[in-house]
Amino acid sequence: MFIALVPAFNEEQKIGSVVQSLFEHVDKVVVIDDASKDNTSKIAKEAGATVLRHKINRGQGASLQTGHEYCLKNKADYVLHFDGDGQFCVEDILPALEIVKKENVDILFGSRFLDDRTKVPFLKKYILFPIARIFNKMSGVYLTDIHNGFRILNRKALENIVIEQDRMAHATEIPAKAKKFGLNYIEFPVKVVYHQYGGGLIHGVGVLRDLFFGKFLK
Amino acid sequence: MLILFQILFSLFVLFAIVSVIKRKKEGLLGPKGTIFWIVFWLAALVAVLWPNALQVLAEYVGIGRGVDLVIYVALVIVFYVLFKLNIKIEGLDRQLTKVVRKDSLDKNSK
């Protein structure tokens, strides 16, 4: 079974269409509503998704791990991470899954930089990403695109990777754990459409803070 | 002759030590914590009653004034405590996440 995990927080505008479009490409859509204040859960359910609702906002990493635990229980063979704000294109899903199967890799990471379909905002491209890449290199993983929410994990990756970074630092944690557990990974070109400028410098500082303090926890 | 500040501070230390012992009896403080706080307050009392003692210590570690030594040590302690608190909060955060996650998965399986 191929399950799409869609973490969502206040996405009532987009979530319905995202869920519907996903159904053409996956067997099941699971929306993790991270304590949205709007009708995200209701609209996702109406669109046919299974909804897991966090009572308290815990962040995107926490939402994905909730989805992972659901997928482990429900015997998923492959899991897709897909953002709830409609920034990814569903047309990328099947070619990506084919590559995962053909190349027999455990994780596929989407990348905006492997083709020229994505227009990346200046600050992200030339300032934030180079800094984040340094951190990725420190963990021993080289990816052209970090913090891209499009991923496909097979069962083995799902069983090995437990996301402990609740907020955005999970995007650094996942490749690091892939390396730690000896999982094979590949990058695949995906298109990202920017609806609004998210992230920014404060977001980047938050990620660094989480990674730092996370090092001292166990 | 004791100056007013020294008298007031001594009374405060007495009060602080009594409340530390009370906390210990209530079970809110462990043996390590109790000893740490009692020693801490007694050391503060020594520093206030005999400022020269602090001066000697400061000179020994290469700092000019006793007061500077207190400030430096206090800053180090404050930063250390902040760091520990941050980690503690992060740990609590993760535990909270587990509870929220379990709740969402349980609700779904009903």
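Cut-offs applied
- Residues numbered from 1 in each chain as written.
- Chains lettered and ligands numbered in written order.
- Predicted model: local features only at pLDDT ≥ 70, side-chain atom pairs only at ≥ 80, totals over all residues.
- Heavy atoms only, no water.
- Helix = DSSP H or I, 4+ residues; strand = E, 2+ residues; numbered from the N terminus.
- Rg over C-alpha atoms; globule rule 2.2 N^0.38 Å.
- Buried < 20%, exposed > 50% of the residue type's maximum accessible area, 1.4 Å probe, protein only.
- Contact = heavy atoms within 4.5 Å.
- Pairing = 2+ DSSP bridges.
- Axes fitted to C-alpha atoms, helices over the stretch in contact; angles between N-to-C directions.
- pLDDT = per-residue confidence, 0-100.
- Polar contact = N/O pair within 3.5 Å; in protein donor to acceptor, adjacent residues only side chain to side chain.
- Core = buried A, V, L, I, M, F, W, Y, C linked by side-chain atoms within 4.5 Å.
- Phe/Tyr/Trp six-rings, centres within 6.5 Å; stacked < 30°, edge-to-face > 60°.
- Buried area = accessible area lost by both parts, 1.4 Å probe.
- Salt bridge = Lys/Arg side-chain N within 4 Å of Asp/Glu carboxyl O.

Draft legend 1. Main features of the overall build of chain B. The secondary structure content of chain B amounts to four helices and zero strands. Helices and strands appear in chain B in the N-to-C order α-α-α-α. A compact globule built from 110 residues would reach a C-alpha radius of gyration of about 13 Å, whereas chain B, at 21 Å, exceeds it by more than 25%. With the principal axes as the frame, chain B shows a C-alpha extent of 75 × 35 × 25 Å. Counting every position in chain B, which comprises 110 residues, the buried fraction comes to 25%. Look at the contacts in chain B between residues 6 or more apart in sequence, and 38% of them connect residues 24 or more apart.

Draft legend 2. The sheet that holds strand E7 (residues 185-189) of chain A, seen in detail. Residue and element names in this part refer to chain A. Strands sit in the order E3-E2-E1-E4-E6-E5-E7 across an open sheet of seven strands; the sheet is mixed. On the outer flanks of this sheet lie strand E3 (50-54) and E7, each paired with one strand and no other. Taken pair by pair, the neighbouring strands of this sheet meet at an average axis angle of 20°, ignoring direction. In this sheet, strand E6 (residues 151-154) lies alongside strand E5 (residues 107-111) in antiparallel orientation, the contact comprising three bridges. Bridging across to E6, Ile-107 finds its partner in Leu-153. Against the sheet, helix H4 (residues 93-103) makes contact with strand E1 (2-8), strand E4 (78-81), E5, E6 and E7, and its axis sits at roughly 155° relative to E7, the strand it touches most.

Draft legend 3. Local environment of the pairing of E5 of chain A. All names here are of chain A. With respect to burial, E5 is a largely interior element, five of its five residues being buried. Judged by which residues are buried, E5 turns out to be covered on both faces: Ile-107, Phe-109 and Ser-111 on one side and Leu-108 and Gly-110 on the other are all buried. As paired strands, E5 and E7 are joined by five bridges and run parallel to one another. Across the sheet, residue Phe-109 finds its bridge partner in E7, namely Glu-187.

Draft legend 4. View of the confidence of the model for chain B. Residues and elements named next belong to chain B. Looking at chain B, the pLDDT average stands at 92 and 98% of residues meet or exceed 70. Within chain B, no element has a lower average pLDDT than helix H3 (residues 51-61), which sits at 88, and none a higher one than helix H1 (residues 4-26), at 94. Listed scores for the predicted complex are pTM 0.82 and ipTM 0.86.

Draft legend 5. Here's a closer look at the side chain of Arg-58 of chain A. Residue placement: Arg-58 of chain A occurs in the loop between E3 and helix H3 (60-73). Reaching out from Arg-58 of chain A, the side chain makes a polar contact with the backbone oxygen of Asp-93 of chain B at a distance of 2.8 Å. Beyond its immediate chain neighbours, meaning those up to four positions away, Arg-58 of chain A contacts Asp-34 and Asp-166 of chain A together with Asp-93, Leu-96, Thr-97 and Val-100 of chain B.

Draft legend 6. The nonpolar core, seen in detail. Residue and element names in this part refer to chain A. Within the largest apolar cluster, 30 residues are counted, with the highest numbers of intra-cluster contacts made by Leu-22, Val-31, Leu-80, Phe-82, Ile-93 and Phe-150. Listed by contribution, the elements that provide at least two residues to this core are E1, helix H1 (15-22), strand E2 (28-34) and H4. Apart from residues lying up to four places away in sequence, Ile-93 is in contact with Phe-2, Leu-22, His-25, Val-26, Leu-80, Phe-82, Phe-150 and Ile-152.

Draft legend 7. Spatial organisation of the packing of aromatic side chains. All names here are of chain B. This model, assessed by the stated rule, comprises 14 aromatic pairs over all chains. Judged by centre distance (5.4 Å) and plane angle (80°), the rings of Trp-37 and Phe-40 are edge-to-face. Taken together, the positions of Trp-37 and Phe-40, both in helix H2 (residues 31-49) and three residues apart, correspond to about one turn of that helix. The class for Trp-37 is partly exposed, based on a relative accessible area of 35%. Judged by relative accessible area, Phe-40 falls into the partly exposed class, the value being 34%. Through successive ring pairs, a cluster of aromatic residues spans Phe-12, Phe-15, Phe-36, Trp-37, Phe-40 and Trp-41.

Draft legend 8. Region of interest: the interface of chain A and chain B. Chain A puts 25 residues into the contact, and the matching count from chain B is 16 residues. Of the roughly 1900 Å² buried at the junction of chain A and chain B (both faces included), carbon and sulfur atoms supply 55%. The largest per-residue losses of area from chain A upon contact with chain B belong to Arg-58, Phe-213 and Leu-217 of chain A, which jointly make up 29% of the total buried on that side. The interface formed by chain A and chain B holds four salt bridges in total. Asp-93 of chain B is paired through a salt bridge with Arg-167 of chain A; the nearest N and O atoms lie 3.2 Å apart. Our count for the contact surface shared by chain A and chain B stands at eight residue pairs in polar contact (both at pLDDT 80 or more). Listed by contribution, the elements that provide at least two residues to the side of chain A that touches chain B are E3, H3 and helix H8 (201-214) of chain A. In terms of residues, the side of chain A that touches chain B owes the most to one element, H3 of chain A, which gives six residues.

Draft legend 9. Structural context of the pattern of salt bridges. Counted under the stated rule, the structure contains 19 salt bridges over all chains. For Lys-177 of chain A, the salt bridge identified is with Glu-164 of chain A, shortest N-O distance 2.9 Å. With Lys-177 of chain A in helix H7 (residues 170-180) and Glu-164 of chain A in the loop between helix H6 (155-160) and H7, the pair connects residues that are 13 residues apart, well separated along the chain. Here Lys-177 of chain A falls in the buried class, since its relative accessible area comes to 12%. Here Arg-167 of chain A ties to Asp-210 of chain A by a salt bridge, and the two come within 3.0 Å at their closest N and O atoms. A residue pair is termed long-range when its members are at least 10 positions apart, and Arg-167 of chain A in the loop between H6 and H7 and Asp-210 of chain A in helix H8 qualify at 43 residues. Its relative accessible area of 28% is what places Arg-167 of chain A among the partly exposed residues. Overlapping salt bridges bring together Arg-58, Asp-166, Arg-167 and Asp-210 of chain A together with Glu-90, Asp-93 and Arg-94 of chain B as one network.

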